[in-house]
Amino acid sequence: QVQLVESGGGLVQAGDSLRLSCAASGRTFSSYHMGWFRQAPGKEREFVAAISRSGSITYYRDSVKGRFTISRDNAKNTVYLQMNSLKPEDTAVYYCAAQGGLLLTMRAGEYDYWGQGTQVTVSS
């Protein structure tokens, strides 16, 4: 079992920055690929970013490339999502997730453990 707890969400204005954190406890954090997903009201959950076990490989959805950065600190059992130049369309509940499979993936169904989410609201 892996327990994931997100933090760092809040209400910001367009153009501002936020850094989300996801603290993991339980089994060995470094054995999991990690991802961030988001879900806006009335919409399906969507992939945002993912990072491999070592941090050497990252994936992003096109709309956040150049603005968001995913990183991890395996010594602290934490994954981060640095979000810059935020836009109103980034408003959503953001979830971190852990994947124990072999290959890093962007598919939510491949992730084994999920946090409870943190709200990010970007006003125009």
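Basis of the calculations
- Residues numbered from 1 in each chain as written.
- Predicted model: local features only at pLDDT ≥ 70, side-chain atom pairs only at ≥ 80, totals over all residues.
- Heavy atoms only, no water.
- Patch = residues over 30% accessible without salt bridge, like charges linked within 9 Å, V, L, I, M, F, W, Y side chains within 5 Å.
- Areas by Shrake-Rupley, 256 points an atom, 1.4 Å probe, with all protein chains shown as cover.
- Salt bridge = Lys/Arg side-chain N within 4 Å of Asp/Glu carboxyl O.
- Helix = DSSP H or I, 4+ residues; strand = E, 2+ residues; numbered from the N terminus.
- Buried < 20%, exposed > 50% of the residue type's maximum accessible area, 1.4 Å probe, protein only.
- Pairing = 2+ DSSP bridges.
- Axes fitted to C-alpha atoms, helices over the stretch in contact; angles between N-to-C directions.
- Core = buried A, V, L, I, M, F, W, Y, C linked by side-chain atoms within 4.5 Å.
- Contact = heavy atoms within 4.5 Å.

Q: Can you break down a nonpolar patch on the surface residue by residue, with the values?
A: On the surface, a cluster of nonpolar side chains totalling about 260 Å² of accessible area is made up of I57, Y59 and M106. When you line up the elements, Y59 lands in strand β6 (residues 58–60). Look at Y59 and you get partly exposed, because its relative accessible area is 31%.

Q: Explain the sheet that holds strand β7 (residues 68–73) residue by residue, including any values.
A: An order of β1-β3-β8-β7 is seen for the four strands of this open sheet, with the pairing classed as antiparallel. Edge strands, defined here as strands with exactly one partner in the open sheet, are β1 (2–7) and β7. For this sheet, the mean angle separating the axes of adjacent strands, direction not counted, is 15°. In the sheet, β7 pairs with strand β8 (residues 78–83) via six bridges, with the strands oriented antiparallel. Paired with F68 across the two strands is M83, which belongs to β8.

Q: If you had to explain the pairing of strand β5 (residues 46–51) to someone new, which residues and values would you point to?
A: The element β5 is extensively covered by neighbouring structure, given that five of its six residues are classed as buried. Here strand β4 (residues 33–39) folds back onto β5 in antiparallel fashion, the turn holding six residues, of which G42 has a positive phi close to 75°. Across three bridges, the pairing between β5 and β6 is antiparallel. By the bridge assignment for β6, I51 is matched with T58. Connecting β5 to the antiparallel partner β6 that follows it, the hairpin turn spans six residues, and G55 within it adopts a positive phi of roughly 90°.

Q: Quick one: what's the story with the nonpolar core, residue by residue and with numbers?
A: L4, M34, W36, L81, M83 and Y94 are the most contacted members of the largest nonpolar core, which totals 30 residues. At the level of secondary structure, the elements contributing two or more residues to this core comprise β1, β3 (18–26), β4, β5, β7, β8, β9 (92–99) and β11 (118–123). By size, the runner-up hydrophobic cluster in this structure holds six residues, among which are F37, A50, A97 and L104.

Q: Give me the lowdown on the environment of Q99, citing residues and values where you can.
A: As for its position among the elements, Q99 is in strand β9. Of the residues examined, Q99 reaches a relative accessible area of 2% and is grouped as buried. Taking the C-alpha atoms as reference points, Q99 and Y113, separated by 14 residues in sequence, lie 7.0 Å from one another. Setting aside chain neighbours within four positions, we find Q99 in contact with Y32, H33, L104, T105, E110, Y111 and D112.

Remember that the coordinates give geometry; whether it matters functionally is a separate question.
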